[in-house]
Amino acid sequence: MKYNEIYHFSHPQHKLRFEYSEFPFKCDGCKEVGIGSRYKCTTCDYDLHMHCAIPSASITHPFYKKCSFQFLSRPPGNVPRYCNACEKDITGFLYHCKSCGFDLHPCCAKLPMVLDDGEVKLYLYRKVSASCHRCGRKGRSWSYRSTCKKYNLHVACVKEMLVDSWHEIYFGRANNNNNYNNNNSNNNCKKLENRIPSLKGTLQTHHRKSKGKVQKCCEMAGLALQFIISAVLGDPTTLIAGVVGSLMSK
């Protein structure tokens, strides 16, 4: 469900307008990075993911069939909490299961179980036995794995690759200079592209093949990564090739 304008309890003074952002933004609800569809207050520079702007009061999840997750505007209690999907800290909006104590970021809770663009099909798993292409480790957080089982990426690793850099570029230095304009934003976007870590070397160490086959493997994994990134950042319909295009080229 999508509305052009909404009122939201977290920002009652102004309406939030639906728009599409080609650049990363920080969600003022869950405090995580997003891209693509969002609700924004232009007066206050207040942004919300779609999942944070129009949340479900309660949800269930296939990975936790005995749990009932309730939407909360802040983490319960005084103990630091982390997301069971991506292992990142939770500091804002969340889905919480009171009986089990599990927590999920809103965007993590709504990660598609299948990502399919007609060429690459990726399935979400709670745990996989294969090594992650990024960190080389098994287990850890939820993972997306391709049908052919050649490409496996932890949700946590995807966030580490992108979110940390984006926080520093957009929400670290930028917070020290709040009057930066759109030209600075465009410059930051170019810096962002150059700061995204490359998977190419990692993939080559994982695949002992001829040069041509390694290149093809990297290209396919890069395509798969684009869809995973879009899903992790709250909009699985977004194609962010312009931002991630340099990922496999270095």
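Residues numbered from 1 in each chain as written. Predicted model: local features only at pLDDT ≥ 70, side-chain atom pairs only at ≥ 80, totals over all residues. Heavy atoms only, no water.

Chemist: Quick one: what's the story with the overall build of the protein chain, residue by residue and with numbers?
Modeler: Along its length, the protein chain carries seven helices and 14 strands. Taking all 250 residues of the protein chain together, the buried fraction comes to 49%. Expressed as a percentage of contacts within the protein chain between residues at least 6 apart in sequence, the contacts between residues at least 24 apart total 50%. Here the protein chain displays about 12,600 Å² of accessible surface, and carbon together with sulfur accounts for 48% of that area. (Helix = DSSP H or I, 4+ residues; strand = E, 2+ residues; numbered from the N terminus. Buried < 20%, exposed > 50% of the residue type's maximum accessible area, 1.4 Å probe, protein only. Contact = heavy atoms within 4.5 Å. Areas by Shrake-Rupley, 256 points an atom, 1.4 Å probe, with all protein chains shown as cover.)

Chemist: Any details on empty space enclosed by the protein? Residues and values, ideally.
Modeler: Tallying each qualifying case throughout the model produces two cavities of 30 Å³ or more. Together, Glu32, Val33, His105, Cys107, Lys159, Val232 and Leu233 line the second largest cavity. Residues that form the lining of the second largest cavity fall into these classes: four nonpolar, one polar and two charged. (1 Å grid on protein atoms, 1.4 Å probe; cavity = no way out; pocket = protein on both sides within 12 Å on 5 of 7 lines; lining within 4 Å. Points joined across faces, edges and corners; volume = space filled by probe spheres on them. Nonpolar A, V, L, I, M, F, W, Y, C, P; charged D, E, K, R; others polar.)

Chemist: Before we move on, could you go through the sheet that holds strand β2 (residues 11-26) and cite the residues and values that matter?
Modeler: On the basis of which strands lie adjacent, the open sheet formed by four strands has the order β1-β2-β3-β4 and antiparallel pairing. The open sheet has two free edges, formed respectively by β1 (5-8) and β4 (46-49), since each of these has just one partner strand. Geometrically, the sheet is characterised by an average inter-axis angle of 50 degrees between neighbouring strands, direction not taken into account. In terms of strand pairing, β1 meets β2 through three bridges, oriented antiparallel. (Pairing = 2+ DSSP bridges. Axes fitted to C-alpha atoms, helices over the stretch in contact; angles between N-to-C directions.)

Chemist: Give me the lowdown on the sheet that holds strand β10 (residues 103-104), citing residues and values where you can.
Modeler: Taken in spatial order, the four strands of this open sheet run β5-β6-β9-β10, and their pairing is antiparallel. Each end of this open sheet is capped by a strand with a single partner; those strands are β5 (58-61) and β10. In the sheet, strand β9 (residues 94-96) pairs with β10 via two bridges, with the strands oriented antiparallel. What sits directly across from His96, in β10, is Asp103.

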